[in-house]
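# Geometric and topological summary
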Amino acid sequence: GGAAVTAITTKFISASGEVASYGDNIDKMSQKMGLSASAYQEWDAVMQHSGTSMETMKASMKTLATAAETGKDAFDQLGISQEELANMSQEQLFEATISALQNVDDETQRTYLAGQLLGRGATELGALLNTSAEDTQAMRDRVRELGGVMSDDAVKASAAFQDQLQDMQTSFSGLSRNMLSEFLPDLTTVMGGLTEIFSGNSDKGLGMISEGINQLADNILQSLPEIVNVGLEIITALGDAIIQNLPTLLQLGIEDL
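Bear in mind the structure is a predicted one, so any value in this text is a computation, not a measurement.

Once that is clear, we can look at the nonpolar core. Counting 37 residues, the largest nonpolar core has W43, M54, F75 and F94 as the members making the most contacts within it. Counting residues per element, this core draws most heavily on helix α2 (residues 37-49), which supplies six residues. Not counting the four nearest positions on each side in its chain, W43 is found in contact with M54, F94, E95, I98, L128, T136 and R140.

Following this line, the structure appears as structure tokens:
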């Protein structure tokens, strides 16, 4: 039982970290591109089917937004009016643009219009633009049916997990720096002693080293209770959590075996 709990806990923590990192990336990238988390995932899956990814479209999304603001003639050629553009979100603008480009039969004209509206990133969309808008929507629907889209709540939870993890790491780094900084004067004395020895002042150097090491030992002993106390609190908290959830963890272990 103990081995099962340990294995499951380790696997759970590792998997949770990977999922949180994945979801956090979705949260950040979707916001940068002006898409919902769901739409970003759907489009990323479609892009991967076409040999690229949504991350390659970051610059293109900015180019597209600028084109909509300045009123590119390319939109008129695609049948998208300025009035329609004014009422579109970034997500709707991207979807309408891709769909309209897919409906252009002339490949040369399609490539030109795509370059006008999406910039250099348009070259990544060759395979996608050669498919139909209906096929693209079918791919998006299929991704959702297969469970390939994390819910908005799950994405937000992932982002919150990563933020908390970063806060914890910052706190731990600060604690470590503050604690170790107390030892710096003692270490400085030791290094000064070594410098004196290298300079030929052995007696003075040995005295400084002895003084520094003694002070360092005293400071470590003074800090030891605090270090032990923090460690015990962490171990106790983890132990209580495992004990409270032991029946569930054991059941999972049995099912996993």
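Attention shifts here to the side chain of S60. On the secondary structure map, S60 appears in helix α3 (residues 58-70). With residues near it in sequence (within four places) discarded, S60 still touches L117, L118, G121 and A122.

By the element assignment, L129 lies in helix α8 (residues 126-129). In this structure L129 comes out as buried when scored by relative accessible area, which is 5%. Ignoring sequence-local partners within four residues, the contact set of L129 consists of I98, L101, Q102, R110 and A114.

Here helix α6 (residues 90-102) crosses helix α7 (residues 107-118) at 165°, and the two axes come no closer than 10 Å. Here α6 lies roughly antiparallel to α7, going by the angle between them. When the axes of α6 and α7 are compared, the crossing they make is right-handed. Residues T97, I98 and L101 of α6 form the contact with α7, whose participating residues are R110, L113, A114, L117 and L118. Here the contact of α6 with α7 is composed, by residue class, of six nonpolar, one polar and one charged.

Rules and cut-offs
Residues numbered from 1 in each chain as written. Predicted model: local features only at pLDDT ≥ 70, side-chain atom pairs only at ≥ 80, totals over all residues. Heavy atoms only, no water. Core = buried A, V, L, I, M, F, W, Y, C linked by side-chain atoms within 4.5 Å. Buried < 20%, exposed > 50% of the residue type's maximum accessible area, 1.4 Å probe, protein only. Helix = DSSP H or I, 4+ residues; strand = E, 2+ residues; numbered from the N terminus. Contact = heavy atoms within 4.5 Å. Axes fitted to C-alpha atoms, helices over the stretch in contact; angles between N-to-C directions. Parallel < 35°, antiparallel > 145°, perpendicular 65-115°, else oblique. Left-handed = near helix turned anticlockwise from the far one by under 90°. Nonpolar A, V, L, I, M, F, W, Y, C, P; charged D, E, K, R; others polar.

Keep in mind these numbers describe shape, not what the thing actually does.
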